[in-house]
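Descriptive analysis of the structure
The chain contents come next:
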Amino acid sequence: MNAFLSSFMLSCQRANALSELRTHRPLSLTQHVQLRLHLAVCSACREFERQRHILDLLQRQHLSADALTQDLPNADSRDLVTRIQQHLDSLPPQKP
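Residues numbered from 1 in each chain as written. Predicted model: local features only at pLDDT ≥ 70, side-chain atom pairs only at ≥ 80, totals over all residues. Heavy atoms only, no water.

**Observations concerning the pattern of salt bridges**
Short version of the rule: The salt bridge definition used is simple: a Lys or Arg side-chain nitrogen within 4 Å of an Asp or Glu carboxyl oxygen. Each helix is a run of H or I in the DSSP string that is no shorter than four residues. Each strand is a run of E no shorter than two, and both are numbered from the N terminus. Relative accessible area decides the class of each residue, using a 1.4 Å probe on protein chains only: under 20% of the type maximum gives buried, over 50% gives exposed, and in between gives partly exposed.
Across all of its chains, the model carries 4 salt bridges by this definition. Here R22 and E49 are joined by a salt bridge, their closest N and O atoms 2.5 Å apart. Taken together, the residues R22 in the loop between α2 (12–21) and α3 (29–41) and E49 in helix α4 (residues 43–62) connect sequence positions 27 residues apart. In this structure R22 comes out as partly exposed when scored by relative accessible area, which is 33%. A salt bridge links R52 to E49, with the shortest nitrogen-to-oxygen separation between them at 3.6 Å. Here R52 and its partner E49 are both found in helix α4, 3 residues apart, which amounts to about one turn of the helix.

Next comes the structure, spelled out in C-alpha cells:
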C-alpha cells in the first residue's frame, strides 16, 4: 500500500503547476487525487494555496464588475493552458 501511495505523491513544483492548471480547466481524477494527497502532507504548499486564494479574492474585489464578466479571449486561455501543460510535461518524472 505504501508503494501505491508514493506513486501518487507530487513534488511541490508539480503540485503548484497542477494547482494553477485547475484554475483554468478541471483536473483529471488522477491529478486531483495527487494534488489532494500532496496538500494533505505538505504544509508549505497548503500555506501557498491559502495565500494564493487570498490574492485571488483581493484581485476579484479590486476589479470592476464589468471586468469580472469578461473572460480571456479563447486563444489566450488555450495558450495559457497549453503552456502550463508543457511545463508539467517538462518536469522530471516522479520517483515511485
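Picking up after the structure, the text goes on.
**Observations concerning the nonpolar core**
Applicable threshold: The nonpolar core is taken to be a set of buried Ala, Val, Leu, Ile, Met, Phe, Trp, Tyr and Cys residues, with the residues joined through side-chain atoms within 4.5 Å. Residue contacts follow a heavy-atom distance rule, with two residues in contact if any of their heavy atoms lie within 4.5 Å.
Residues L18, L21, L27, L35 and L88 are the most contacted members of the largest nonpolar core, which totals 14 residues. Taken together, the elements giving at least two residues each to this core come down to α2, α3 and α6 (74–90). The element contributing the most residues to this core is α2, with 4 residues. When sequence neighbours within four positions are dropped, the list of residues in contact with L35 reads L10, A15, L18, S19, R22 and L27.

**Observations regarding a nonpolar patch on the surface**
To be explicit about the condition: Within the patch definition used here, like charges are joined within 9 Å and nonpolar side chains (Val, Leu, Ile, Met, Phe, Trp, Tyr) within 5 Å, considering only residues with over 30% relative accessible area and no salt bridge. To be clear on the numbers: accessible area is Shrake-Rupley with a 1.4 Å probe, and residue cover counts the displayed protein chains and nothing else.
Nonpolar side chains collect at one region of the surface, where I54, L55 and L58 lie side by side and expose about 280 Å² of accessible area between them. As for its placement among the helices and strands, I54 is situated in helix α4. Look at I54 and you get partly exposed, because its relative accessible area is 38%.

As far as function goes, none of this settles anything; it's purely spatial.
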